[in-house]
Amino acid sequence: MKFVDVHIHLSDPDYSQKVSEIVDDARRSNVVALVSNSMNLQTSLLCLQLAEEYPNLVYAALGVHPWNVKSLSPNETQDVINLIFQHKEKVVAVGEIGLDYQYARSGKSLDLQLQVFHEMLRTAEKISLPVIIHSRETAPKIMSLLPSYDLKKVLFHWFSSKFIGLLSQIVDRRYYITEGPPAVYSSGIREIIRRIPLTNLLTETDGPLRFGGPFKGEMTTPSFIPLVVKAIAQIKDMKETEVADQIFQNFTDFFGVKGVSDKRHEETTIGI
Ligand SMILES: [Zn+2]
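Fair warning: this is a prediction, and the values are worked out from it, not measured in the lab.

Participant: Is there a simple way to explain unusual backbone geometry in this structure?
Facilitator: Residues apart from glycine generally show negative phi values, whereas peptide bonds are mostly found in trans. Residue Glu96 is bonded to the preceding Gly95 through a cis peptide linkage, with omega at 10°. Take Glu96: it is sitting in strand 4 (residues 91-98). Cis geometry is found at the peptide bond from Gly207 to Pro208, where omega equals 10°. Within the secondary structure, Pro208 sits in the loop between strand 8 (201-203) and helix 9 (225-236). Backbone geometry places Asn56, a non-glycine residue, at a positive phi of 60°. Tracing the backbone through its elements, the reader meets Asn56 in the loop between helix 2 (41-53) and strand 3 (58-62). Backbone geometry at Asp237 places phi at a positive 50°, although glycine is not the residue there. Within the secondary structure, Asp237 sits in the loop between helix 9 and helix 10 (240-255).

Right, here's the structure in full:
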């Protein structure tokens with residue numbers, strides 16, 4: 001079985017001394033793709049560097065996260081956009097981008113969030129890249145904004161059970177969602193997984209963010225992914241291998257990534 005972690009923050013300071021450990025851990029767990037999501041310019045540069053260092057394993061998603069809009073330097077958003085265009089062969093998605101009402105309440109201006117989000121969506125449209133979206137409390141608002149853009153692929157990361165009513169619209173528009181470790185212990189997330197077709201689902205850890213349930217107190221690593229797949233298989237009453245295969249297929253469909261190698265068949269190249 002091959003697994004994928006399509007939303008991890010390898011450039012996060014909490015991982016800084018441990019990236020090689022995380023990568024080894026992914027390989028041991030047969031996690032064959034890690035999509036490293038950026039937050040700002042500095043992490044975008046780091047994600048590119050990591051993608052270079054670990055080809056066919058680490059993939060770079062570049063963007064400006066809504067949590068970072070207040071701390072951006074004057075040209076930072078434009079610098080990230082320039083970086084995306086300069087490295088368009090390497091960048092697999094624009095992310096992590098989005099809106100967060102909770103952060104808006106704690107002083108991260110919603111106007112600024114919206115401005116940066118629109119700039120990121122425009123960039124994704126221009127360069128025909130998928131988008132990875134953070135939508136805490138904002139999924140309905142974001143759903144209303146997206147049709148103004150001609151976006152190839154849209155992924156709502158860690159889709160919240162609060163907006164479970166939007167799932168049918170998400171499926172109709174052929175968007176994807178990701179779920180992670182809470183699939184093992186959260187009834188709300190398990191209900192989403194029960195309702196979403198497997199063809200619209202991907203797996204993530206959002207590491208180094210830490211989780212509860214059986215993961216309490218543990219450092220989040222890609223080794224959690226096989227447990228997420230196991231939980232999905234239980235919920236959907238399917239075999240784990242069928243779930244892993246479909247999610248891997250979703251990964252190649254979504255990111256258009258070639259060259260992911262199977263540990264057991266090093267020469268095998270998976271096309272799209
Ligand atoms: Zn994230």
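Past the structure itself, the notes keep going.
Participant: Can you help me understand the confidence of the model for the protein in this one?
Facilitator: The predicted coordinates of low-pLDDT regions are not to be read in fine detail. Averaged over every residue, the pLDDT of the protein is 93; residues scoring 70 or more account for 94%. Confidence drops under a pLDDT of 50 for residues 263-272, and excluding neighbours within four residues, the segment shows 23 contacts in the predicted structure.

Participant: Explanation requested: the side chain of Asp5 in the structure shown.
Facilitator: Mapped onto the elements of the fold, Asp5 is located in strand 1 (residues 3-8). Buried within the structure, Asp5 lacks any salt-bridge partner; Arg28 is the closest side chain of opposite charge, at an N-O distance of 14 Å. For Asp5, the side chain forms a polar contact with the side chain of Thr205, separated by 2.6 Å. Setting aside chain neighbours within four positions, we find Asp5 in contact with Val31, Ala33, Leu34, Val35, Thr203, Glu204, Thr205, Pro222 and Ile225.

Participant: Explain the coordination of the zinc ion here, please?
Facilitator: Six octahedral donors around a metal ideally subtend angles of 90 or 180 degrees, whereas four tetrahedral donors ideally subtend 109.5 degrees. Note on the zinc ion: its protein donors are His7 (NE2), His9 (NE2), Glu96 (OE) and Asp206 (OD). The metal-donor distances range over 2.2 to 2.4 Å. One way to put it: the 4 donor atoms around the zinc ion meet at angles of 85 to 172°, and that makes the site irregular. In the primary structure, the donors to the zinc ion are separated according to the pattern H-x1-H-x86-E-x109-D. Remark: Glu96 occurs in strand 4 and His7 occurs in strand 1; sequence separation between them is 89 residues. Note on accessibility: His7 and Glu96 belong to one class, buried.

Participant: Just to check I follow, could you spell out the nonpolar core for this structure?
Facilitator: One finds Phe156, Phe159, Phe251 and Phe255 to be the most contacted residues of the largest nonpolar core, which totals 92 residues. Those residues in contact with Phe156 that sit more than four places away from it in its chain are Ile133, Ser135, Ala139, Ile142, Met143, Leu146, Ile170, Tyr175, Tyr176, Ile177 and Thr178.

Participant: Explanation requested: helix 5 (residues 110-127) in the structure shown.
Facilitator: Counting along an α-helix, one turn takes 3.6 residues, and residues three or four places apart therefore face a common direction. Taking 1.5 Å per residue as the helical rise, helix 5 with its 18 residues ought to reach 26 Å, and the 26 Å between its terminal C-alpha atoms agrees with that figure. Burial in helix 5 covers these residues: Gln113, Leu114, Val116, Phe117, Glu119, Met120, Leu121, Thr123, Ala124 and Ile127. As for helix 5, its buried residues are in contact with helix 3 (76-86), strand 4, helix 4 (101-105), strand 5 (131-134) and helix 6 (139-145). Its side-chain oxygen at 3.3 Å from the backbone nitrogen of Asp111, Ser109 defines the N-terminal cap of helix 5. One or two residues past the end of helix 5 sits Ser128, with phi positive at roughly 55°.

Cut-offs applied
- Residues numbered from 1 in each chain as written.
- Predicted model: local features only at pLDDT ≥ 70, side-chain atom pairs only at ≥ 80, totals over all residues.
- Heavy atoms only, no water.
- Helix = DSSP H or I, 4+ residues; strand = E, 2+ residues; numbered from the N terminus.
- pLDDT = per-residue confidence, 0-100.
- Contact = heavy atoms within 4.5 Å.
- Buried < 20%, exposed > 50% of the residue type's maximum accessible area, 1.4 Å probe, protein only.
- Lys, Arg positive; Asp, Glu negative; His and termini not counted.
- Salt bridge = Lys/Arg side-chain N within 4 Å of Asp/Glu carboxyl O.
- Polar contact = N/O pair within 3.5 Å; in protein donor to acceptor, adjacent residues only side chain to side chain.
- Donors = N, O, S within 2.8 Å, 3.2 Å for Na, K, Ca; no water.
- Tetrahedral: all angles 85-135°; square planar, octahedral: opposite > 155°, others 65-115°.
- Core = buried A, V, L, I, M, F, W, Y, C linked by side-chain atoms within 4.5 Å.
- Expected span 1.5 Å × (residues − 1).

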